[in-house]
Amino acid sequence: MGSEARDARKRHGRHYTPPALARFLARRLLAHMPRPSVPGVLRVLDPACGDGELLLALYREAAVRLPGVRVELTGFDLDETALAVARRRARAARIEVEWQVGDFLSASEELADSSFDAIITNPPYVRTQQLGGATAQLLSKQFGLRGRIDLTHPFVAIAPRLLCQGGALGLLCANRFITTRAGANIRVVLRSELTPVELYDLGDTKLFEAAVLPAVTIATRTTADRDCRFVSAYEAADTETGTATDLFEALTGDTGGLVAHNGRTYAVEVGTLYTGEPAKSAPTWRMSRPGVDSWLADIADRTWRSFGEVARIRVGIKTTADRVFISDRWHEVEPRPEPELLFDLITHHDLVPWRIARTRDTRVLYPYDTAVPRRTPVDLAEFPGAAAYLRSHEATLAGRQYVLDSGRGWFEIWVPQRPHLWRVPKLVFPDISERPRFALDRSGAVVNGDCYWISLADLDASERLAYLLMGVANSALGLRFYDAVCGNRLYAGRRRWITQYVSRLPLPDPGAPGVAEIVALVGEFVDGRSVDDTARRILDDLVAAAFGVASGGGPDPDHGQQGAAGEFTSGRGVA
C-alpha cells in the first residue's frame, strides 16, 4: 500500500478487518443470536462495511451454525472503491448483499426501527480534531453524545434503535473506550441501552493493522441482568513461554493461560466485567476476579485519600511548535534569544524513579513572566534577541490559527501551565512508561508535555507527603493497582500515566504505623541512596504493610498465572 493510500485510511479511519479476526467476531456474535424476528430469515447490517470482510465472514459462519436460515446482508460505506472490491468478492463467493454507497449516519434516519437481527461492525475511528469542531457538535446533538467524541461513538449510539428486541451487536473498535473518559459515550450505550455479554480486550496482540489496540464487544438488546465475560490478552514477560498455540481458542476458554502467537507469548486473563458499586457510576470499566476484588477491597479499607484528592496533577507545557521553541543547541542559533528566556526542560528522557537524570542540555524558549501566577507574555521589545529569533519563524507560529483564535499572541505557546510554580519543588513523571518513574525536581526546570507534574505548593505540606506519593506510585503495589483499576496499556507493556489514572492511586494515612519508614526511605532515595533490589523490596514490603496486604501482591487471585490485570505471582511488578 502506498503512503498516499495509508494517509487516506488514517484520515478517514479506514482499517479493514483481518479475516481471522472477522471470523472470531462473527462466531462470537452468532453465539448470542436470538431466534430471528422474521422466521427463517436473519437480517444483518454492517454500517461501515469497507471491503465486506465482516459480512462475508458472518454469512459463512451462519451457514454452518444456522442451517436452513436465509441470511440477508446489508452493507453501507462511503468509499466506492472499497465497495467495488466488496461486490467482486461477494459475486465470486455467490453471496447476495445489498450494498449502499453513502453516509450511513445520515441514511440511518430513513431506516426503520428494529430493522435488523444483528449488527456487525468495525466503525471508522476518526478523532474530534480530524472531524472538526462543527461536525463533532452536530453529531453530538444528533446522537445524544457528550464530551469529546470520535466517529465510533455515533455508530454505536444508533445501534440500539436499529436492532430488534433480542438482537445482537458485534463491535470491533479501539479498546480505549474501556478505560478512558473519552469512551464514556460507548460505555453508556452498552450498559443502558444494550446488555454486554462478552468483552475481549485484545491488547497488543497485533491482530489488527491499525495503530490502536482493538477490543471486541458482543452486546444484546435485552433487559436480562447477566454477567459479561471479560477477557484480556497482553504480551507476557520475555522469559515465559506459551503453553497453547491458538490465541482465539484461548480467548474462548474458561481459564486463560499463556499463549504463543506470532513469535510472542501472551497472557490471557479471564474474568467478568465489574458491576459492583461504585462501578456503575465509575468513569471506566475493569475486569473482576475474586482474588483481585478482595485485594482491592483490603486496600480500600486502608486508603486515606487518593492522589487526586490531595494533589493537582498537571500536564507539562505543549508548544505545538517544538522545533521553534525547544532545542539542545541554542548556542548555535542565530539570532540567539536572551538566556533569561531559555529554561531547562525536563522530558521523559530525564526521568528515573526518585530523581531527575537529565541526559541533554535541552531548554525551552519560554516567553512568559515566571514571577506571576497567570499566563503573562513578556514584552518582546525588552528582549530583542528573542524577538528577532521568533520573527524569523513568524510564518510557522502565526499559522497556528487556534492559538490566535484563543486570543493569544502569535509567539506564545499553546499550553504554558502556571509559570510561577516552576520554581517550587515538584513531582514529575512521564506520560508513557512501562514502569512508574515518579521523581522529585528541585531545579526549577520547566516540564515538557510528554510528562505530568505535581507542585508541592498544591500539597499544603512539606516534602513528606511528596515522598509518600512517590513511595506508593513507584512501588510494586502501585503498579499492580494501576493494572487492576486503570489498565490502559499500550504496545510492549507501556502504560499511560495520565491524570485520570494517577488521580486514582491510593494513599495510606500519613499517621499510620509504618508510613514514617516509607517517607524516610524515599527521602534517602531522593538524596542519592543506591536503589538496589534489596532496597526496592524493603519499600514494597513497607507500602504493602501500610495497606494491610501481603507484599508481592498477595495470594494468587485465581489461577496462578502472570496476567494483564494483576501481575500477582510473577514478581514483574517491582518498580
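Everything numeric in this text was worked out from a predicted model, so none of it was measured.

Draft legend 1. Representation of the overall build of the chain. The secondary structure content of the chain amounts to 22 helices and 24 strands. Within the chain, buried positions represent 56% of all 575 residues. Considering only residue pairs separated by 6 or more positions, the chain has 73% of its internal contacts joining residues 24 or more positions apart. Only carbon and sulfur atoms are counted for the fraction: they give 49% of the accessible area of the chain, which is about 24,700 Å².

Draft legend 2. Representation of the packing of helix α18 (residues 463-473) against helix α21 (residues 515-526). Contact geometry for α18 and α21: axes closest at 8 Å, N-to-C directions at 90°. Classified by the interaxial angle, the pair formed by α18 and α21 is roughly perpendicular. The residues of α21 that touch α18, namely those facing R464, Y467, L468, M470 and G471, are V515, A516, I518, V519, V522, G523 and V526. Split by residue class, the contact of α18 with α21 holds 9 nonpolar, 2 polar and 1 charged.

Draft legend 3. Spotlight on the pairing of strand β2 (residues 70-77). Of all the 8 residues making up β2, 6 are buried; the element is thus mostly covered by neighbouring parts of the structure. Across 6 bridges, strand β1 (residues 41-46) lies against β2 in parallel orientation. Across the sheet, V44 pairs through a bridge with L73, a residue of β2. Bridge analysis of β2 against strand β3 (residues 97-101) gives 5 bridges, and the strand direction is parallel. Bridge assignment links L73 to a residue of β3, and that residue is V97. Considered for its hand, the β-α-β crossover made up of β2, helix α4 (residues 80-92) and β3 is right-handed.

Draft legend 4. Representation of the sheet that holds strand β13 (residues 314-315) within the structure. Strand order in the open sheet formed by 5 strands is β13-β22-β18-β20-β16, and the pairing between neighbours is mixed. Each of the sheet's edge strands pairs with one partner strand only, and the pair in question is β13 and β16 (354-355). One ladder, built from 2 bridges, connects β13 with strand β22 (residues 451-455); its direction is antiparallel. Across the sheet, R314 pairs through a bridge with W453, a residue of β22.

Draft legend 5. Structural context of helix α22 (residues 533-546). With 14 residues, α22 extends 20 Å between its outermost C-alpha atoms, agreeing within 8% with the 20 Å of an ideal straight helix rising 1.5 Å per residue. Buried within α22 are the following residues: A535, L539, D540, V543, A544 and A546. The buried residues of α22 occupy an angular sector of 165° when the element is viewed end-on, so they sit on one face. Of the surrounding elements, those touching the buried residues of α22 are β16, α18, α19 (476-486), β24 (506-508) and α21. Positive phi appears at G548, one or two residues downstream of α22, with a value of about 75°.

Draft legend 6. View of the packing of aromatic side chains. Under the criterion given, the structure shown has 18 aromatic pairs. Between the aromatic rings of F438 and W497, the centroid separation amounts to 6.2 Å while the plane-to-plane angle is 90°, which identifies the pairing as edge-to-face. A residue pair is termed long-range when its members are at least 10 positions apart, and F438 in the loop between β19 (432-433) and β20 (439-441) and W497 in the loop between β23 (495-496) and α20 (499-502) qualify at 59 residues. Exposure remark for F438: the relative accessible area of 1% places this residue in the buried category. On the numbers, 4.6 Å between centres and 35° between planes, the contact of Y482 with W497 is tilted. Of this pair, Y482 sits in helix α19 while W497 sits in the loop between β23 and α20; the two residues are 15 residues apart in sequence, bridging distant segments of the chain. Classification of W497 as buried rests on a relative accessible area of 1%. Taking the ring centre of Y274 as reference, the NZ or CZ of R286 above it sits at 4.0 Å. Above the plane of the ring of W414 lies R408, whose end atom (NZ or CZ) is 5.1 Å from the centre.

Draft legend 7. Looking closely at the packing of α21 against α22. Interhelical geometry of α21 versus α22 gives an angle of 150° and a closest axis separation of 9 Å. Considering their axes alone, α21 and α22 lie roughly antiparallel with respect to each other. Of the two possible hands of crossing, α21 and α22 adopt the one that is left-handed. Residues V515, E517, I518, L521, V522 and F525 of α21 touch α22, and the partners they reach there are A535, I538, L539, L542, V543 and A546.

Draft legend 8. Spatial organisation of the confidence of the model for the chain. Model confidence for the chain is summarised by a mean pLDDT of 88, while 89% of its residues fall at 70 or above. Low confidence marks residues 1-13, where pLDDT is under 50. Its contacts with residues over four positions away, or in another chain, come to 17 contacts. Overall, residues 553-575 carries pLDDT values under 50, and its contacts beyond four positions in sequence, including any with other chains, amount to 80 contacts.

What counts, and at which threshold
Residues numbered from 1 in each chain as written. Predicted model: local features only at pLDDT ≥ 70, side-chain atom pairs only at ≥ 80, totals over all residues. Heavy atoms only, no water. Helix = DSSP H or I, 4+ residues; strand = E, 2+ residues; numbered from the N terminus. Buried < 20%, exposed > 50% of the residue type's maximum accessible area, 1.4 Å probe, protein only. Contact = heavy atoms within 4.5 Å. Areas by Shrake-Rupley, 256 points an atom, 1.4 Å probe, with all protein chains shown as cover. Axes fitted to C-alpha atoms, helices over the stretch in contact; angles between N-to-C directions. Parallel < 35°, antiparallel > 145°, perpendicular 65-115°, else oblique. Nonpolar A, V, L, I, M, F, W, Y, C, P; charged D, E, K, R; others polar. Pairing = 2+ DSSP bridges. Right-handed = clockwise from strand over helix to strand, strands pointing away. Expected span 1.5 Å × (residues − 1). Arc of directions from axis to C-beta. Phe/Tyr/Trp six-rings, centres within 6.5 Å; stacked < 30°, edge-to-face > 60°. Lys NZ or Arg CZ within 6 Å of the ring centre and 35° of its normal. Left-handed = near helix turned anticlockwise from the far one by under 90°. pLDDT = per-residue confidence, 0-100.

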